[in-house]
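Take a look at the letters that make up each chain.
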Amino acid sequence: MTHPTDPQLWPANVSVTDGVLDLAGLSVTELAATYGTPSFLLDVADLRGRAARYRDALAGAFAPLGVDVDVYYASKAFLSTAVARWVHAEGLRIDTAAHGELATAIAAGVPGADIGLHGNNKSAGEITLALEHGVGRIVVDSLPEIDLVGSIAARLGVRAPVMVRVTTGVHAGGHEFIATAHEDQKFGLSLASGAAAQALDRIHADDRLDLLGLHSHIGSQILDPAGFGEAARALLRLRADFAGRTGVLLPEMDLGGGFGIAYLPTERGVDVAALATDLAEILTAEARVLGTPLPRLSFEPGRAIVGPAMITLYTVGTVKDVVLDDGGTRLYVSVDGGMSDNIRTALYDADYHAELTSRSSTAPRVRSRVVGKHCESGDIVVRDVLLPADLAAGDLLAVPATGAYGRSMASNYNMVPRAGVVAVEDGQAREIVRRETIEDVLALDMG
Ligand SMILES: Cc1ncc(COP(=O)(O)O)c(C=O)c1O
Ligand SMILES: N[C@@H](CCCC[NH3+])C(=O)O
């Protein structure tokens with residue numbers, strides 16, 4: 001059994017007394033009574049600590065080289081105005097990829113200069129909103145987008161700061177659906193086909209655009225850091241080629257996000273300090289070969305900042321023993337949420353862990369599966385976990401490491417209201433995203 005205090009898997013401020021989990025000074029039994037379940041519970045100090053550690057590790061590794069580093073929080077992992085303010089206060093900027101994320105960052109009071117805009121199919125409305133708010137950069141993802149951004153900038157009378165997202169051919173990431181830099185997928189401009197160089201030339205020749213540099217995001221939930229170095233070297237070479245052609249040495253380079261975290265007691269997340277130190281060496285060596293100084297760098301971690309800072313709290317309902325082909329049994333533990341608050345298990349075969357957190361149990365641990373309440377047999381939250389055999393309706397189960405791509409990918413499947421997010425700090429809790437009600441769901445029905 002893993003005791004829920006392993007900081008790789010659980011938020012930093014958890015403890016367990018008589019089997020009851022306490023998060024930042026409040027027990028999950030009190031939190032469930034006040035806010036209901038399923039709920040996402042956020043350890044605010046843990047979130048802020050991770051943001052600060054990423055900033056310090058990445059900036060610290062490059063400071064001795066005289067290279068400045070910006071860290072953008074990839075808000076697709078999870079965003080609310082409170083989270084935007086907290087991570088911004090820790091020195092992170094905000095990376096957005098659609099209207100809602102951009103609007104939330106703006107509503108949080110994050111200055112435009114500290115916001116970036118991504119997307120493979122940005123609308124004219126999104127680009128206009130970004131430029132009206134003076135975003136620090138728009139990451140161009142296709143050739144047609146160059147003219148779209150240019151024409152909107154001209155209409156607004158501004159010069160648009162842009163980067164070019166380069167598909168480097170590096171294959172990385174936890175699942176095919178979340179690898180983003182191989183050739184046959186929708187993101188970016190290919191290095192191999194020459195599309196990236198063509199984009200650079202076009203932007204360079206366009207007075208409406210200010211070309212800041214190159215961007216690469218190779219994938220998500222990456223546990224082997226080698227791909228970052230490979231992609232970075234490819235970008236430095238492209239930058240040197242461009243400088244050779246035009247005499248312009250691009251000032252910035254973004255190496256994206258994708259830093260993997262632990263989802264199981266046996267896993268370890270990426271050691272960002274070690275990764276940053278290795279990367280600093282790789283980039284220094286490559287820059288020496290190319291004879292070019294290093295650019296200002298940026299990174300876009302999402303999952304690694306918010307993922308481990310949240311847990312999902314569920315109430316157990318039906319529990320049944322199912323006989324398997326091998327003659328053994330599996331305990332099917334149904335909870336009051338499921339694929340509507342965590343689609344990752346169904347979508348990526350993702351693994352999660354779960355613990356009973358509302359009482360202690362001396363019952364033997366048995367092979368179990370935590371499933372949701374939706375009308376799909378694939379509605380699985382935790383595929384394989386050992387749970388006490390005496391689990392019963394009314395028990396509280398917690399699933400750790402659900403802060404990233406849980407609430408942000410939540411749905412109303414079966415017309416369930418989406419779970420809220422409760423932020424806890426120093427014994428105080430408040431909902432930062434309100435739990436939806438049936439009235440919210442019905443309100444969209446126009447009759
Ligand atoms: C462009 C871009 N930047 C950053 C991220 C953040 O990734 P992660 O949450 O894996 O750190 C993503 C998602 O993978 C992305 O597409
Ligand atoms: N949603 C994915 C990550 C995609 C990241 C966006 N490029 C996940 O849950 O792992």
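Values in this document were obtained by computation on a predicted structure and should not be read as measured data. (Residues numbered from 1 in each chain as written. Chains lettered and ligands numbered in written order. Predicted model: local features only at pLDDT ≥ 70, side-chain atom pairs only at ≥ 80, totals over all residues. Heavy atoms only, no water.)

### Digging into the sheet that holds strand E2 (residues 20-23)
Note the following rule: DSSP-based pairing: two strands are paired if at least 2 bridges between them are found. Strands are runs of DSSP state E lasting at least 2 residues, helices are runs of H or I lasting at least 4, and numbering of each runs from the N terminus.
The antiparallel open sheet is built from three strands, whose spatial order is E1-E2-E3. Each edge of the sheet is formed by a strand with only one pairing partner; in this case those strands are strand E1 (14-17) and strand E3 (26-27). In this structure, E2 lies alongside E3, joined through two bridges in antiparallel fashion. Each residue of the ladder has a partner; that of Leu23, found in E3, is Leu26.

### What about the packing of aromatic side chains?
Where we set the bar: Think of it this way: a Phe, Tyr or Trp ring, Trp meaning its six-membered ring, pairs with another when their centres are within 6.5 Å, and the plane angle makes it stacked under 30 degrees, edge-to-face over 60, tilted otherwise. Comment: the charge-over-ring label is applied if NZ (Lys) or CZ (Arg) is within 6 Å of the ring centre and within 35 degrees of the ring normal.
A complete count under the given rule lists five aromatic pairs for this structure. Aromatic pair Tyr54 and Phe259: ring centres 5.5 Å apart, planes at 65°, arrangement edge-to-face. Pair noted here: Tyr54 is in helix H2 (residues 44-62) and Phe259 is in the loop between strand E12 (252-254) and helix H9 (272-290), with a separation of 205 residues, a long-range link. The cationic tip of Arg137 hangs over the ring face of Tyr72; the distance from NZ or CZ to the ring centre is 3.8 Å.

### Observations concerning the confidence of the model for the protein chain
In plain terms, the rule: A residue's pLDDT is the predictor's confidence in that residue, given on a scale from 0 to 100.
The share of residues in the protein chain with pLDDT of 70 or more is 96%, and the mean pLDDT across the chain is 95. The complex prediction reports pTM at 0.97, with the ipTM value standing at 0.98.

### Looking at the site of ligand 1
For clarity, the threshold we go by: We call a residue near a molecule or strand as soon as one heavy atom of that residue lies within 4 Å of the molecule or strand. Two N or O atoms form a polar contact when they lie within 3.5 Å of each other; inside protein one atom must be a possible hydrogen donor and the other a possible acceptor, and for residues adjacent in sequence the pair counts only when both atoms belong to side chains. Per-residue and other accessible areas follow the Shrake-Rupley method at a 1.4 Å probe size, with only the shown protein chains counted as cover for residues. Each residue receives one of three labels: charged for Asp, Glu, Lys and Arg, nonpolar for Ala, Val, Leu, Ile, Met, Phe, Trp, Tyr, Cys and Pro, and polar for the others, Gly being one of them.
Close contacts around ligand 1 come from 15 residues, with His217, Ser220, Gly258, Glu300 and Tyr405 the closest. A distance of 2.7 Å is found between an oxygen atom of ligand 1 and a side-chain nitrogen or oxygen belonging to His217. Here an oxygen atom of ligand 1 sits 2.9 Å away from a polar atom, N or O, in the main chain of Gly302. Relative to its unbound accessible area of 390 Å², ligand 1 is 94% covered by the protein chains. Residue composition of the shell around ligand 1, by class: four nonpolar, six polar and five charged.

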